[in-house]
Amino acid sequence: MAKEIVPGLAGIPVAHSGVSFIDGDQGILEYRGIPIQTLLEEKQCNYLEVAYLLFNGVFPAADELQHWNTLIGRYRILDAETVAVLAALPKGGHPMHALTAAIATLGMLYAAKDQGEPSGRYRTMARLLGQLPSLVAAFHRLRNNLEVLPPKDELDHAGNFLWMLRGKLPTELERKVLDTVFIVHADHTLNASTFAARVTASTLSDLYLAIASAVAALNGPLHGGATQATLLQLRSIGSKAQVGAWVDAILAKKEKIMGLGHRVYKVKDPRAPILERLAEKLFAEQGAHPLYEVAMELERVAKAKLGYKGIYPNVDFFSGLVYDKLGIPVDLFIPMFAIGRIAGWLAHLREQLEDNHLYRPEQIYTGSHNQSYVPIDKRGKQAKTVWSNL
Ligand code: ACO
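The paragraphs below set out a description of the structure included in this document. Just so you know, these numbers come straight off a predicted model, no measurement behind them.

1. A look at the packing of aromatic side chains
Enumeration according to the criterion identifies eight aromatic pairs in this entry. Considering the side-chain rings of Phe161 and Phe182, the 6.4 Å spacing of their centres and the 70 degrees angle between planes classify their relative orientation as edge-to-face. You can see Phe161 sitting in helix 7 (residues 157-166) and its partner Phe182 sitting in helix 8 (residues 172-184), a full 21 residues away along the chain. For the pair Phe161 and Phe182, a shared accessibility class is recorded, and that class is buried. Ring geometry for Phe317 versus Phe318: centroids 5.0 Å apart, planes at 85 degrees, classification edge-to-face. Each member of the pair Phe317 and Phe318 is classed as buried. Aromatic ring contacts, followed pair by pair, group Tyr47, Phe161 and Phe182 into a single cluster.

Structure below.
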């Protein structure tokens, strides 16, 4: 029987995982079997507790949580060599490139050292989880010629990020909103970046490079880049009155509206209403975002025109508005996603390494066989190659 490829491996299981579960038809997202709504609305747990749950499969007891918070807090502090590398990076470069370089720097400093220690793998995981927000905040401050701020013990993960980025203590609501954004991004089964991390780790490469692979895969507009694209799109629409005509024009050109639709969810993304409610609270405290009305109108018009196709707002529809209101610049939106998602990446890496199999899919060869070498004076000149104009 002829072999066939499955483009993008869609629908092909390649790993067992107990980290998270999605049902796209019913709009279910569970972390370790717990619905995302239960985690956020009833239990009021915070991001580091969720990260612990994702790694270990169970919630920490009170003393374990205290130890976990202290451990991650310790790794939040950047060392001087890492700060020096961040300071030397081109200021105009994209923060995702900076983040990849920073993670590679941590690998240069610590990969060999960690590997030589008992429980070194878990030390690396704790270091990466703790350092990611500090790396993003430090690069942002350095590119703006501002001093790098150390974390504060009294603040949690989200609160520390806002403090280290803006140099201003967050309000309780700002902290809570960002903490929730990190939680809703913490894991989402075997998406492209998680798969990239698992593939790299499956070669027994180190965890720094596995996370750098995940960061690189997250960067694209088909994955982590959608939040940024959604906010820019809302800005380009400009006003509520223009939404209807704008949607008609986009659909006539058969283009996609950013922030709508999902490869898996065919009902509203369960993360979207959570972020929508938080956005409303934030706007009530700090004044409405000027584009909130545009977003609401876009959701209404899109529902009428695309709802029958199962196209509804996804998590990115509201997160950009929230970030913007929190004073987070647009080019940090993808790094924000990485700060949340690293919990899931690390939980998957733990699974990968505890039952490792090298990923080595097959190809279907489409080239020729048994060709002969053509001496240089016998070769015909190609009319134009992709390199001709370089
Ligand atoms: N705007 C307008 N129409 C859409 C959209 C959209 N955002 N998404 C899908 N459709 C339409 C398609 O044109 C198609 O119409 P047709 O049946 O008439 O040809 C139909 O809905 C089904 O679409 P598919 O492309 O099959 O949906 P798929 O599941 O392959 O795509 C995807 C999902 C890639 C996310 C798509 O909806 C999209 O590009 N959305 C915009 C980008 C975005 O917001 N991405 C973030 C995803 S969430 C995340 O990564 C965290």
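Alright, that's what it looks like, and here's the rest.
2. Section: empty space enclosed by the protein
A water-sized probe, rolled over the atoms, reveals where empty space remains. Counted under the stated rule, the structure contains two cavities of 30 Å³ or more. Of the pockets and cavities examined, the largest cavity occupies roughly 50 Å³. What lines the largest cavity is Leu86, Pro95, Ala98, Leu99, Ala102, Leu135, Val136, Phe139 and Leu332. Elements that contribute at least two residues to the lining of the largest cavity include exactly helix 5 (95-115) and helix 6 (120-143). The greatest single-element share of the lining of the largest cavity, amounting to four residues, is contributed by helix 5. Of the residues belonging to the lining of the largest cavity, the class tally is nine nonpolar, no polar and no charged. As a volume, the second largest cavity reaches approximately 30 Å³. Every residue lining the second largest cavity is listed: Gly261, His262, Tyr265, Val267, Lys268, Asp269, Gly310, Tyr312, Pro313 and Asn314. Partitioning the lining of the second largest cavity into residue classes produces four nonpolar, four polar and two charged.

3. Considerations on the pattern of salt bridges
For the structure on display, the rule yields 16 salt bridges. Measuring nitrogen to oxygen at the nearest pair gives 2.9 Å for the salt bridge that ties Arg175 to Glu172. Of the two residues, Arg175 and Glu172 are both situated in helix 8; the distance of three residues between them amounts to about one turn of the helix. Look at Arg175 and you get buried, because its relative accessible area is 17%.

4. Structural notes on the packing of helix 10 (residues 207-218) against helix 16 (residues 333-354)
Each pair of packed helices can be described by the angle between their axes along with the distance between the axes. Running from N to C, helix 10 and helix 16 point in directions that differ by 135 degrees, and their axes come no closer than 10 Å. Considering their axes alone, helix 10 and helix 16 lie oblique with respect to each other. Seen along the crossing, helix 10 lies across helix 16 with a hand that is right-handed. For the pair helix 10 and helix 16, the contacting residues are Leu207, Ala210, Ile211, Ala214, Val215 and Leu218 in the first and Ile334, Phe337, Ala338, Ile342, Trp345, Leu346, Leu349 and Leu353 in the second. Its residues assigned to classes, the contact of helix 10 with helix 16 comprises 14 nonpolar, no polar and no charged.

5. Here we look at the site of the ligand
Surveying the vicinity of the ligand reveals 19 residues, the closest of which are Ile257, Gly259, Leu260, Lys266 and Lys309. In the model, a nitrogen atom of the ligand is placed 2.7 Å from a nitrogen or oxygen of the Ile257 main chain. Within the side chain of Lys266, one N or O atom sits 3.0 Å away from an oxygen atom of the ligand. Bound to the protein, the ligand loses 69% of the 930 Å² it would expose on its own. When each cavity is represented as a set of grid points, the ligand is found to reside in the largest pocket. Class assignment for the residues of the shell around the ligand results in eight nonpolar, five polar and six charged.

6. Quick word on helix 12 (residues 243-252)
Within helix 12 the residues assigned to the buried category are Val243, Trp246, Val247 and Ile250. The buried residues of helix 12 occupy one face: seen down the axis, they fall within an arc of 100 degrees. The exposed residues of helix 12 that point more than 90 degrees off its buried face are Ala245 and Ala252. Looking at the buried side of helix 12, the elements it contacts are helix 11 (226-237) and helix 14 (292-306). Phi turns positive one or two residues past the end of helix 12, at Lys254, with a value near 60 degrees.

7. Some remarks on helix 15 (residues 316-325)
Within helix 15, eight of the ten residues are buried, which leaves the element mostly enclosed by the surrounding structure. Residues of helix 15 that are buried sit in contact with helix 8, helix 11, helix 13 (271-286), helix 14 and helix 16. Gly327 occupies a position one or two residues after helix 15 and carries a positive phi of about 80 degrees.

8. Description of the pairing of strand 2 (residues 28-31)
Where a strand is regular, its side chains alternate between the two sheet faces. On strand 2, burial follows the alternation: Leu29 and Tyr31 on one face are buried, whereas Ile28 and Glu30 on the facing-out side are not. Summarising the sheet, strand 1 (residues 20-23) and strand 2 pair through four bridges and their orientation is antiparallel. Bridge pairing in strand 2 links Phe21 to Glu30. Taking the residues that link successive antiparallel strands as the turn, the strand 1-strand 2 hairpin has four residues, and the phi of Gly27 there is positive, at about 70 degrees. In this sheet, strand 3 (residues 34-35) lies alongside strand 2 in antiparallel orientation, the contact comprising two bridges.

Rules behind the numbers
Residues numbered from 1 in each chain as written. Predicted model: local features only at pLDDT ≥ 70, side-chain atom pairs only at ≥ 80, totals over all residues. Heavy atoms only, no water. Phe/Tyr/Trp six-rings, centres within 6.5 Å; stacked < 30°, edge-to-face > 60°. Helix = DSSP H or I, 4+ residues; strand = E, 2+ residues; numbered from the N terminus. Buried < 20%, exposed > 50% of the residue type's maximum accessible area, 1.4 Å probe, protein only. 1 Å grid on protein atoms, 1.4 Å probe; cavity = no way out; pocket = protein on both sides within 12 Å on 5 of 7 lines; lining within 4 Å. Points joined across faces, edges and corners; volume = space filled by probe spheres on them. Nonpolar A, V, L, I, M, F, W, Y, C, P; charged D, E, K, R; others polar. Salt bridge = Lys/Arg side-chain N within 4 Å of Asp/Glu carboxyl O. Axes fitted to C-alpha atoms, helices over the stretch in contact; angles between N-to-C directions. Parallel < 35°, antiparallel > 145°, perpendicular 65-115°, else oblique. Left-handed = near helix turned anticlockwise from the far one by under 90°. Contact = heavy atoms within 4.5 Å. Near = heavy atom within 4 Å. Polar contact = N/O pair within 3.5 Å; in protein donor to acceptor, adjacent residues only side chain to side chain. Areas by Shrake-Rupley, 256 points an atom, 1.4 Å probe, with all protein chains shown as cover. Sits in = over half its atoms within 2 Å of the grid points. Arc of directions from axis to C-beta. Pairing = 2+ DSSP bridges.

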